[in-house]
Amino acid sequence: MIDYESVINHKIKNIKPSGIRKFFDIASEMENVISLSIGEPDFNTPWHVREAGITSLQKGSTKYTSNRGLTVLRKEICAYFERKYHVEYHPESECLVTVGGSEAIDLAMRCLISEGDEVLIPEPSFVCYNPLVQMADGVPVAVETTEEDNFKLTPERLEKFITPKSKVLVLPFPNNPTGAIMEKHDLEKIAEIVLKYNLFVISDEIYAELTYNNKHHISFASIENMRERTVVVSGFSKSYSMTGWRLGYTLAPKPLTDVMTKLHQYAIMSAPTTAQYAAIEALRHGDNDIKKMRDEYDMRRRLVVKRFNAMGLNCFEPEGAFYAFPCIKSTGLSSEEFCTKLLKAKGVAVVPGNAFGDSGEGFVRVSYSFSIKHITEALKRIEEFLKELNEEKQHET
Amino acid sequence: MDKILSLLRENSQLSYSEIATMINEPEDYVEKQIKQYEKDGVIRGYRAVIDYDKVKNSGARAFIELKVQPKKDTGFDEVAKQVMSFDEVETVYLMAGSFDLLVRVKGESVTDIAMFVAKRLSTLDGVLATNTHFQLRTYKDSGMVLFDEENDEDQRSIIL
Ligand SMILES: Cc1ncc(COP(=O)(O)O)c(C=O)c1O
């Protein structure tokens, strides 16, 4: 018998399995579960984009592309980024097409971090940063964001966690799971700290197209002096509803793009070819699709936020992504208790906030990437659940 | 199309307050608009979308093409009105193309519908020819997919 424990790399062993796995195991065994837990768009990829993928297959475009990605695609990405966020990148040397934003994050981490470097990660946030930092021999440092600050990263908090070893700052805005965004003046204050301590930034802007209340996304790279110390990570998953195509990209100064390309070329070769052809179509003719989906999310967002507040679960107004992050502290339950009870009593699945870092404790993540009908049914059940909780409590006293 | 109408078309059970929240308008504005639509006959009713394939004894349904000789003064209206007046007839459209009226008919059985076409529709004054298509299965109705393929929503990745 092989002792696999002794074979497996110690870093991956030390990475904690996601604590909420067991929670979803319960969910998968129950019937009539209605979920608001999933973090991907519910729309299909727009038809004309799918068709472009199909056409590329029919033409037989089934080979590897250049390591960096199709030239035309990189041109379109750079043109798009300049048009929307007013930062210029050179398609030949500053853009790399990756397997989702996920690979882009991994590449950026592995190419920037040396052993012992500290990586500042605002929390609550997306679950991949921490493990990827660890695998890259870095040390993740959680920087708490709070509801009082609208879950924005503030310079004061950030500065508190800076040490001589601080190297990289992750900027995950618009944020999964809070829905927080950073406005220009917020970013400018962060930029001062970045300069003061000579940090590098991985700006995960994958939800850039999904902001509301007319607050257009501001790219961190567009802030003065930041382009040269930023890797922008973005992709097609959220904006064009293309999660399964696995396509993303980085935009970064040439020396960084070069090393990320080197790693990408050995680990991946090239991003999926069919997806790259579809993405060209998305960038060229997809603005209207984005708008339609954004408008739809916006309606759901208003509905969800209002209903939570009306139920007595204080819910800060998210202005980005497709999540609401209501506070459940008033119930006296922990996030996991709340989610497990809700699941068992009403068959509604939402994600405990602490899955996104300790500072998410006391909150739950509710995704509104579901139809209105689905959302209203789930909200109705949550409302019943809260009523019953209250009655239980009164009974006890 | 107006946002209120498109929301109601998707789901007529939304309350004034839900619609108001979603489109960021006051509730009384939404209520007034909807009442106006009802008054003006823009909104003609609210009904359930039923998947007949799942209902026992729900009868049969057919689409019938009618070729019609238009009348000098009234065109197709007169025949259309006569067709409309049968209880069996659910919808009547005037069409451009190789026939004139498209009629959706429901009946207790296929024979029932066939008899109705033979005895009532084809004998109408002005009807030149009929062509009956029986409906076998509904995949989609009123924008709603009724054909439940195995649902792979559960496979959407969970935490991320
Ligand atoms: C904040 C954030 N970044 C990156 C990703 C990765 O997306 P993908 O690899 O599909 O581009 C996700 C997916 O959920 C996310 O929420």
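### Details of the interface of chain A and chain B
Here is step 1: Between chain A and chain B, the contact holds 28 residues from the first and 15 residues from the second.
Here is step 2: Taken together, the two surfaces of chain A and chain B that pack against each other cover about 1800 Å², and 63% of this comes from carbon and sulfur.
Here is step 3: When residues of chain A are sorted by the area they lose upon contact with chain B, A:Ile38, A:Met299 and A:Arg302 head the list and together hold 29% of the total.
Here is step 4: Between chain A and chain B we count one salt bridge in total.
Here is step 5: Broken down by secondary-structure element, the contributors of at least two residues to the side of chain A that touches chain B are helix H3 (21–29), helix H12 (287–311) and helix H14 (372–396) of chain A.

### Some words on the domain arrangement of chain A
All names here are of chain A.
Here is step 1: Here the domain parsing of chain A yields domain 1 (4–43 + 288–396) and domain 2 (47–286).
Here is step 2: Measuring from the centre of the C-alpha atoms in domain 1 to the corresponding centre in domain 2 gives 25 Å.
Here is step 3: Both sides of the domain 1 and domain 2 interface together cover about 3200 Å² of buried area, and 56% of this is carbon and sulfur.
Here is step 4: Contact with domain 2 buries surface across domain 1, with Ile290, Phe316 and Glu319 losing the most and accounting together for 23% of the total.

### Focus on the packing of helix H4 (residues 47–58) of chain A against helix H11 (residues 273–285) of chain A
All names here are of chain A.
Here is step 1: Axis separation between H4 and H11 bottoms out at 8 Å; the angle between their running directions is 140°. The orientation of H4 relative to H11 falls into the category oblique. Where H4 crosses over H11, the two elements pack in a sense that is right-handed. Packed against H4, whose contacting residues are His48, Val49, Ala52, Gly53, Ser56 and Leu57, the element H11 presents Thr274, Tyr277, Ala278, Glu281, Ala282 and His285 at the interface.
Here is step 2: Grouping the constituent residues of the contact of H4 with H11 by class yields six nonpolar, five polar and one charged.

### Here's the deal with the sheet that holds strand S7 (residues 230–235) of chain A
Residue and element names in this part refer to chain A.
Here is step 1: A sheet is described by the order of its strands in space; here seven strands give the open sequence S2-S8-S7-S6-S5-S3-S4, paired in mixed fashion. Each end of this open sheet is capped by a strand with a single partner; those strands are strand S2 (95–98) and strand S4 (139–144). Taking the axes of each pair of neighbouring strands and ignoring which way they run, one obtains an average angle of 20° across the sheet.
Here is step 2: Examined bridge by bridge, strand S3 (residues 118–123) and strand S5 (residues 166–171) share three bridges and lie parallel to one another. Each residue of the ladder has a partner; that of Val119, found in S5, is Val168.

### Digging into the side chain of A:Arg300
Residues and elements named next belong to chain A.
Here is step 1: Along the chain, the position of Arg300 falls in helix H12.
Here is step 2: At 3.1 Å, the side chain of Arg300 forms a polar contact with the side chain of Asp42.
Here is step 3: Among the polar contacts listed, one links the side chain of Arg300 to the backbone oxygen of Tyr368, at a separation of 3.1 Å.
Here is step 4: When near neighbours in sequence (up to four residues on either side) are disregarded, Arg300 contacts Asp42, Phe43, Tyr368, Ser369, Phe370, Ser371, Ile372 and Ile375.

### Quick notes on helix H5 (residues 110–121) of chain B
Residue and element names in this part refer to chain B.
Here is step 1: If you check H5, its first and last C-alpha atoms are 15 Å apart, about what twelve residues at 1.5 Å a residue would give, namely 16 Å.
Here is step 2: Along H5, the residues that are buried comprise Ile113, Phe116, Val117 and Leu121. Buried positions in H5, seen along its axis, are confined to an arc of 95° and lie on one side of it. The exposed set on the far side of H5, more than 90 degrees from its buried face, consists of Thr111 and Lys119.
Here is step 3: On its buried face, H5 sits against strand S1 (60–68), helix H4 (77–84), strand S2 (89–94), strand S3 (101–107) and strand S4 (127–134).

Reading the values: rules and limits
- Residues numbered from 1 in each chain as written.
- Chains lettered and ligands numbered in written order.
- Predicted model: local features only at pLDDT ≥ 70, side-chain atom pairs only at ≥ 80, totals over all residues.
- Heavy atoms only, no water.
- Contact = heavy atoms within 4.5 Å.
- Buried area = accessible area lost by both parts, 1.4 Å probe.
- Salt bridge = Lys/Arg side-chain N within 4 Å of Asp/Glu carboxyl O.
- Helix = DSSP H or I, 4+ residues; strand = E, 2+ residues; numbered from the N terminus.
- Domains from an automatic or database assignment.
- Axes fitted to C-alpha atoms, helices over the stretch in contact; angles between N-to-C directions.
- Parallel < 35°, antiparallel > 145°, perpendicular 65-115°, else oblique.
- Left-handed = near helix turned anticlockwise from the far one by under 90°.
- Nonpolar A, V, L, I, M, F, W, Y, C, P; charged D, E, K, R; others polar.
- Pairing = 2+ DSSP bridges.
- Polar contact = N/O pair within 3.5 Å; in protein donor to acceptor, adjacent residues only side chain to side chain.
- Expected span 1.5 Å × (residues − 1).
- Buried < 20%, exposed > 50% of the residue type's maximum accessible area, 1.4 Å probe, protein only.
- Arc of directions from axis to C-beta.

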